[in-house]
Amino acid sequence: MKAREILNRYITFFEKRDHKRIANAPLVLINDPTTLFTSSGMQALLPYLLGEEHPSGKRLVNVQNCLRSQDIDEVGDNRHTTFFRMLGNWSLGDYFKSEQLNWFFTFLTDKDVGLGLDPRKLYVTVFSGNEYIPKDTESIAIWTQLFQEKGISAKFVELGSQENAYQIGMRGGRIFAYDETKNWWSRAGTPDKMPVGEPGGPDSEVFYDFGTPHDVSFGKECHPNCDCGRFLEIGNSVFMQYQKQADGSFKELPQKNVDFGGGLERLAAALNDNPDIFLTDLYKEIITKIADISYKSYEDKKYQPPMRIIADHIKAATFLIVDGVIPSNKAQGYVLRRLLRRAAVKMYQIAGEEQITKLTEVASVVLRLEETLDEKLSIKKHHELISTVIKEEIEKFSKTLKKGLQEFEKNIHRLDEVAFDLYQTHGFPIELIEELAKEHHKTIDRKKFDEALQKHRELSRTASAGMFRGGLADHSEKTIMGHTATHLLHQALRDVLGKHVHQTGSNITSERIRFDFNFDRKLTDEELRQVENIVNQKIKENLPVHYELIPTEEAYKMGAIGLFMDTYGEKSKIYFIGDTSKSYKNAYSIEFCGGPHVEFTGVLKSFKIIKQENLGKNQKRIYAIVNNDQRNNNS
Ligand code: SER
């Protein structure tokens, strides 16, 4: 079965069970300063999991492009990638554990409507409980019955921590309980890491058994969460029913949700009965292309890690570019740069400098494969943009590579001191540095390097955790004000510059608003002043802000503006600024948006544009601040 068929069957299966398909959200979420990238389908659904009404109802299904940049160092084995596709279904306070586990098991095992996997190869895990939340005995009972119906007696084994699990092992079990490090899900991770107000809950995972022999270098005994490669997690049902409280305890959410996510690549690997996801039809042609360019064979084990890294990174880069990211030294742009440079270094290592420029050909294969997966996801029209961005970045990188090599030659006598700098500044992986050092009969103090690397990783981890928390804490007034200001700014820009101007992105923190739009030249000072004046005028008028759920067609007819991402929903959430009690035509701004917003524009007090930036042809960026006369500006 091809990946396309898996995807179609999954969507159809849940549509038949009254789910509405919702669109794939962009990899960089609009108006969400809390995370760098969309890393699961639930992220775009947060307000609805917390109780807000979703325009498409209580049962949703989708396929979501995801990027987990924190996994970048993991890529190279047979199953980790930074970019992947998550199949997701949700119950927003509707069905719960019994329906979810039944349906997913049916989807996995039924050969007519699902994937027809052998149930004897499936193993499941549940939450073992902690001081606040009891063991998930309900899921244990449901799974026991589901396996029994297939004639499989399902023994339960309590494993607890990962450490214990390596001691205890399988014990002939089918259902296993692990602690919160394995069977608890929230965006922030384990319960102690969750900020106040964050939703989360116990989860139940399904693993596929490839039956490969256990590798004891990972631990004494094998178990579903063992990293030796015998088991692969193929789906995770999160029972999102709790919310973190200020005293560290948990309160039940007003509604019990299901948040399911399953990796398409991994399901395809399970169907192949081969743990290497790079051999599924989602990657095979990409690998073939890399083999052609590098004149190396994927069968040769030593070339597998670099080829997988190139395949994943170019795929991830392609989708980031489609979603508007350009290489830079900051945030999302930095991750894109790292992905491209790492792919280039790997290509350099296996095939030499000449072949680096051919990475654009790998991107072309990524695009072609997309067409075969789902025409709704078509990204072919971006072909030129993707090639240009990759080409430019690779050219820049070739120069750095040369500089890095010179740096290397110059510092050959003190390699230990410069090794980490070569890694960090020039993107040289340690293997490349080691290889070059051997060529010169030198060695690198690996321990020293690993220590520096560890420190660096911890720093960047803290930085992204900070971003996550900072953002959430920021769902305070100031960020919400900034959000409303972007709607006013959007409309004001159209008033001054013309109706062809529209938003292409935005990012809001408590400190400032960043707003991107299409326009082909620099705005004059006069135009900037006009825009600013209009927004301030609308703030002074203290206009009411509210939303309505409106049939999407009708919203278009009303002239609602926005990013038009949702092409599946029948109804859309539309925000109005202005008094629409007599007619919607009295609104100053009508926009497709998920919210949240302030209730009256007056609370914004003031609006000021602080700078404009040129992002390239036909792309401009404006930075602005609101309410800057508020004394506690950084609240
Ligand atoms: N949010 C869960 C996950 O990422 C399920 O969608 O695994």
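Everything below is about the structure printed above this text.
Nothing here was measured: the structure is a model prediction, and the numbers come from that model.

Draft legend 1. Structural detail: the overall build of the protein. For the protein, the helix and strand inventory stands at 18 helices and 17 strands. The C-alpha radius of gyration computed for the protein amounts to 26 Å, which stays within 12% of the reference 26 Å derived for 635 residues, consistent with globular compactness. Taken along the three principal axes of its C-alpha coordinates, the protein extends 70 × 65 × 45 Å. Here the protein, with 635 residues, has 56% of them falling under the buried criterion. For the protein, the share of sequence-separated contacts (at least 6 apart) that also reach a separation of at least 24 residues comes to 68%. On the protein, roughly 27,900 Å² of surface is accessible, and the fraction owed to carbon and sulfur atoms is 48%.

Draft legend 2. Fine view of the site of the ligand. Every residue lining the ligand is accounted for by Ser40, Met42, Arg68, Met86, Trp185, Asn236, Val238, Asp259, Phe260 and Gly261. Measuring from an oxygen atom of the ligand, one finds a side-chain N or O atom of Arg68 at 3.2 Å. Asp259 has a polar side-chain atom sitting 2.8 Å from a nitrogen atom of the ligand. Expressed as a share of its isolated accessible area of 240 Å², the protein-covered part of the ligand is 95%. Elements supplying a minimum of two residues to the shell around the ligand: β9 (231–244) and β10 (250–263). Counting residues per element, the shell around the ligand draws most heavily on β10, which supplies three residues. Considering only residue class, the shell around the ligand consists of five nonpolar, three polar and two charged.

Draft legend 3. The sheet that holds strand β13 (residues 545–551), seen in detail. Ordered in space as β13-β14-β15, the three strands form an open sheet in which the pairing is antiparallel. If you trace the sheet from one side to the other, it starts and ends with β13 and β15 (589–592), each paired once. When strand polarity is set aside, the average angle formed by the axes of neighbouring strands in this sheet is 30°.

Draft legend 4. Spotlight on the pairing of β9. Where burial is concerned, most of β9 is hidden: 13 out of the 14 residues are buried. Where strand β8 (residues 199–209) lies against β9, nine bridges are found, and the strand directions are antiparallel. Along β9, the bridge assignment pairs Glu205 with Asn236. Two elements, β9 and β10, share eight bridges in a ladder whose sense is antiparallel. Opposite Tyr242, over in β10, you have Glu252 as the bridge partner. Taking the residues that link successive antiparallel strands as the turn, the β9-β10 hairpin has five residues, and the phi of Gly248 there is positive, at about 90°.

Draft legend 5. Focus on the side chain of Ser91. Summarising the element assignment, Ser91 is placed in strand β3 (residues 83–92). By relative accessible area, Ser91 is classed as buried at 0%. Among the polar contacts made by the side chain of Ser91, one reaches the main-chain carbonyl oxygen of Tyr95 at a distance of 2.7 Å. If sequence neighbours within four positions are ignored, Ser91 has contacts with Lys58, Lys256, Asn257 and Val258.

Rules of the game
- Residues numbered from 1 in each chain as written.
- Predicted model: local features only at pLDDT ≥ 70, side-chain atom pairs only at ≥ 80, totals over all residues.
- Heavy atoms only, no water.
- Helix = DSSP H or I, 4+ residues; strand = E, 2+ residues; numbered from the N terminus.
- Rg over C-alpha atoms; globule rule 2.2 N^0.38 Å.
- Buried < 20%, exposed > 50% of the residue type's maximum accessible area, 1.4 Å probe, protein only.
- Contact = heavy atoms within 4.5 Å.
- Areas by Shrake-Rupley, 256 points an atom, 1.4 Å probe, with all protein chains shown as cover.
- Near = heavy atom within 4 Å.
- Polar contact = N/O pair within 3.5 Å; in protein donor to acceptor, adjacent residues only side chain to side chain.
- Nonpolar A, V, L, I, M, F, W, Y, C, P; charged D, E, K, R; others polar.
- Pairing = 2+ DSSP bridges.
- Axes fitted to C-alpha atoms, helices over the stretch in contact; angles between N-to-C directions.

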